[in-house]
Amino acid sequence: MTVRETFLAEAAKRILITDGAFGTEIQNWKLSEADYAGTLTLGHDQKGNNDILALTKPEVPESIHRAYFEAGADIAETNTFSANRISQADYGAEGLVREINVESAAMARRLADEFAGRDGRPRFVAGAIGPTNKTLSLSPDVNDPGYREIDFDYLKDVYREQTDALVEGGADFILIETVFDTLNAKAGIMAAIEAGEALGRDLPIMLSMTLTDLSGRNLSGHTVEAFWHAVRHARPLTIGLNCSFGAEQLRPHVKVLSDICDTLIMVYPNAGLPNELGEYDEAPATTAGLVGEWAQGGQVNVLGGCCGSTPAHIRAIADMARGVPPRAVPVPPVRTRLAGLEPFTMAA
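(A) Summary view of the layout of surface pockets. Estimates place the volume of the largest pocket at around 530 Å³. Phe22, Gly23, Asn79, Phe81 and Glu177 are, among the 29 residues lining the largest pocket, the residues nearest its centre. If you list the elements that add at least two residues to the lining of the largest pocket, you get helix H2 (23–27), helix H6 (85–88), strand S4 (173–179) and strand S6 (238–246). The dominant element in the lining of the largest pocket, judged by the number of residues it contributes, is H2, at 3 residues. Within the lining of the largest pocket, the residues separate by chemical class into 9 nonpolar, 16 polar and 4 charged.

Here it is, written out as structure tokens:
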């Protein structure tokens, strides 16, 4: 079976579990500049460059991956949220993009295979691609609404470089996550489709939108419904929501996606809302209880955590989801084209 077929087969049996936060887990290590930089001399401070730890202190991301797998995760998301040419330029590390992504994906692949070998249950690697700090839809200059720092083709090339390296390292899927700009996501989708074509095989795409307000819109103004209709042509393996808010605030938007999408729903919220110090206090049992409402309501196929979540949160979610039937993916309705009135399926 292809990796898509294997994943779908597993998702038909049970609610799958993706991992939790990396950034907040890395913060717990209290790493110094020397820890981040290692032997690299890039002319910039590296403290805060979590992605580069795959090269300079790999025991940190490796230990986090291992903890999430031990907690019950089926999917490892690579520690590559900012491992692209645009974001790494802030650290003078844009020349290391390929190496960071290859090493990060290879690390996750090695551990996924190790845990799969223990019990025969497949584990998967999602190559994580963040949104960068640029937007294609909005101008950064209030005095020039038409100005854009980058264009679509440039961003697509940035994503293609990262995608190729993640696949080289062993990623099963490309996860385009924390989508605040739908047009950015479309550049990522095109990069992944072109990468798959170059490989001569299917390269499944996962998509995860982030909301900027409680009305359910992202920064480029799309509702969850609009986002789905803008990207469904890519046949995403999963679509859903991450970051933004805690599970309590995401409840109505998860319901909307579950009702309209003819693919798997994956949601990984923050561990509640941050306190006045920017820290997350929501207990694992609380998070599991909240996402458990989605599971019991037949609204989700994959669950996990984002900012502030820990291996304890993932363990609580995995325990909650055990034995709960996964959401049944609806069969796409048959429509009729206005021109010619010939039948076609929405999945076509």
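The discussion continues.
(B) Up close: unusual backbone geometry. If you check the backbone angles, Lys30 has positive phi at about 55 degrees while not being a glycine. For Lys30, the position within the fold is in the loop between H2 and helix H3 (33–37).

(C) Structural context of the environment of Phe227. Locating Phe227 in the fold gives a position in helix H10 (residues 224–231). Given a relative accessible area of 1%, Phe227 falls into the buried group. For the pair formed by Phe227 and Gly246, sequence separation is 19 residues and the distance between their alpha carbons is 20 Å. When neighbours within four sequence positions are excluded, Phe227 is seen to be in contact with Val179, Thr182, Ala185, Leu207, Met209, His222 and Ile239.

(D) The nonpolar core, seen in detail. Membership of the largest hydrophobic core comes to 75 residues, with the highest contact counts inside it found for Leu241, Trp294, Val300 and Leu303. The contacts of Leu241, once residues within four sequence positions are left out, are Ser208, Met209, Leu211, Val224, Leu250, His253, Val254, Leu257, Met266, Val267 and Tyr268. Among the nonpolar cores identified, the runner-up in size contains 16 residues, and Ile75, Leu237, Cys243 and Cys306 belong to it.

(E) Highlighting the pairing of strand S7 (residues 264–270). For S7, the buried fraction is high: 7 of the 7 residues fall into the buried class. Strand direction decides the pairing type here: S6 and S7, joined by 7 bridges, are parallel. Looking at the pairing, Gly246 lines up with Asn270 of S7. Read as a crossover between parallel neighbours, the route from S6 over helix H11 (residues 247–260) to S7 is right-handed. The parallel pair S7 and strand S8 (residues 302–303), bridged by helix H12 (residues 284–296), forms a crossover whose chirality is right-handed.

(F) The arrangement of the confidence of the model for the chain in detail. Put simply, the chain has an average pLDDT of 94, and 95% of its residues get 70 or more. Every residue in residues 334–348 scores below 50 in pLDDT, and together they form 17 contacts with partners more than four places removed in sequence or on other chains.

What counts, and at which threshold
Residues numbered from 1 in each chain as written. Predicted model: local features only at pLDDT ≥ 70, side-chain atom pairs only at ≥ 80, totals over all residues. Heavy atoms only, no water. 1 Å grid on protein atoms, 1.4 Å probe; cavity = no way out; pocket = protein on both sides within 12 Å on 5 of 7 lines; lining within 4 Å. Points joined across faces, edges and corners; volume = space filled by probe spheres on them. Helix = DSSP H or I, 4+ residues; strand = E, 2+ residues; numbered from the N terminus. Nonpolar A, V, L, I, M, F, W, Y, C, P; charged D, E, K, R; others polar. Buried < 20%, exposed > 50% of the residue type's maximum accessible area, 1.4 Å probe, protein only. Contact = heavy atoms within 4.5 Å. Core = buried A, V, L, I, M, F, W, Y, C linked by side-chain atoms within 4.5 Å. Pairing = 2+ DSSP bridges. Right-handed = clockwise from strand over helix to strand, strands pointing away. pLDDT = per-residue confidence, 0-100.

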